[in-house]
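# Breakdown of the fold
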Amino acid sequence: MVTSEQRRRQLAREKYERQTERRAQAAKQRKQRSAITGGVLALVVVAGVTAVATGAFSSDDKKDSGAQAAPTAAVTPVKGCSAPAAGQPNGKQWQTEPAMSVDAKATYTATLDTSCGKITVQLDAAKAPHTVNSFAFLSGEQYFDHTKCHRLTTEGIYVLQCGDPQGTGMGSPGYKFADENLTGATYPAGTLAMANSGPGTNGSQFFLVYKDTQLPPSYTPFGKITGGMDVLQNIAAGGVQGGGGDGAPVANVALNAVTTAKG
């Protein structure tokens, strides 16, 4: 026969076990919430404060995208696109911004030979001399060759982001340089601008605007597309891997070679 004291102890033990289980469950839920929050923050820091509002183009040193994985092979054909040329990014690194070598009064043209076609851009050395100088330097070092355009955004903002040898949004040439040409900056279709992770953090990543886009004047515009808008639009029409409006492009587009020429 169970005495009243034994019954009291049994009830106390059961109450304690229930409390312990609730505490364990609450701790598990807190841990899950923290993991989810951390993942979201990583995505915001790396992939950019995506949408329409603020820093849509995080790059280079943090970052992009705790979670943005390198693009995989195209799952469906995209008009004008073919397999990237054989080769790997050279991944060179430099400790400081390259010395100025461009002539701010001269005209420079960049040619992006992508796996989906050629894009030509007239660079604005007068308004963004350091940016054009860095781009010309990196292209001359074949730094961009065989790199993936790792991010396509098709909702709210309309851009293709490239220039990261890691293909994740975290890559950098090892140096950073200051913003330029931000006063009154706008981002209509055809704009070439720098991606960044905050003021003064430009490196190698850049984005190409294929449709008029509203962004704060936080990303150095340094060129205008003069040929190949159809290439960009084909890439955009192919969409994002896995659906959605922001991520690796289905086109699996790579920069086979990038050159910059004066005149």
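Description of the structure in this document.

Read across the open sheet, the ten strands follow the order β3-β10-β1-β2-β8-β6-β7-β5-β4-β9; overall the sheet is antiparallel. Sheet topology places β3 (147-148) and β9 (246-247) at the edges, where each strand pairs with a single neighbour. Relative to β9, strand β4 (residues 151-153) runs antiparallel, the two being bridged by two bridges. Within β9, the residue paired with Thr 153 across the bridge is Asp 246. Each of β1 (108-114), β2 (117-123), β6 (191-194), β7 (206-209), β8 (221-227) and β10 (254-262) touches helix α2 (residues 129-140); the most contacted strand, β10, lies at about 120° to it. Across the sheet, helix α3 (residues 229-238) lies against β1, β2, β4, β5 (159-162), β7 and β8, angled at about 125° from β2, the strand it touches most.

Quick look at unusual backbone geometry now. In this model, Gln 142 sits at a positive phi of 55°, which is unusual for a non-glycine residue. Looking at the secondary structure, you find Gln 142 in the loop between α2 and β3.

Bringing the packing of aromatic side chains into the picture now. Under the defined criterion, the tally for this structure stands at twelve aromatic pairs. Judged by centre distance (5.0 Å) and plane angle (35°), the ring pair of Phe 135 and Phe 144 falls under tilted. Overall, Phe 135 belongs to the buried group, its relative accessible area being 3%. Take Phe 144: its relative accessible area is 1%, and that puts it in the buried class. Their ring planes at 40° and their centres at 6.4 Å tell us that Tyr 175 and Phe 177 sit as a pair that is tilted. Each member of the pair Tyr 175 and Phe 177 is classed as buried. Among the aromatic residues, those joined into a ring-pair cluster are Trp 94, Phe 135, Phe 137, Tyr 143, Phe 144, Phe 206 and Phe 222. Looking at Lys 211, its charged tip hangs above the ring of Tyr 158, at a distance of 4.5 Å from the centre.

Rules behind the numbers
Residues numbered from 1 in each chain as written. Predicted model: local features only at pLDDT ≥ 70, side-chain atom pairs only at ≥ 80, totals over all residues. Heavy atoms only, no water. Pairing = 2+ DSSP bridges. Helix = DSSP H or I, 4+ residues; strand = E, 2+ residues; numbered from the N terminus. Contact = heavy atoms within 4.5 Å. Axes fitted to C-alpha atoms, helices over the stretch in contact; angles between N-to-C directions. Phe/Tyr/Trp six-rings, centres within 6.5 Å; stacked < 30°, edge-to-face > 60°. Buried < 20%, exposed > 50% of the residue type's maximum accessible area, 1.4 Å probe, protein only. Lys NZ or Arg CZ within 6 Å of the ring centre and 35° of its normal.

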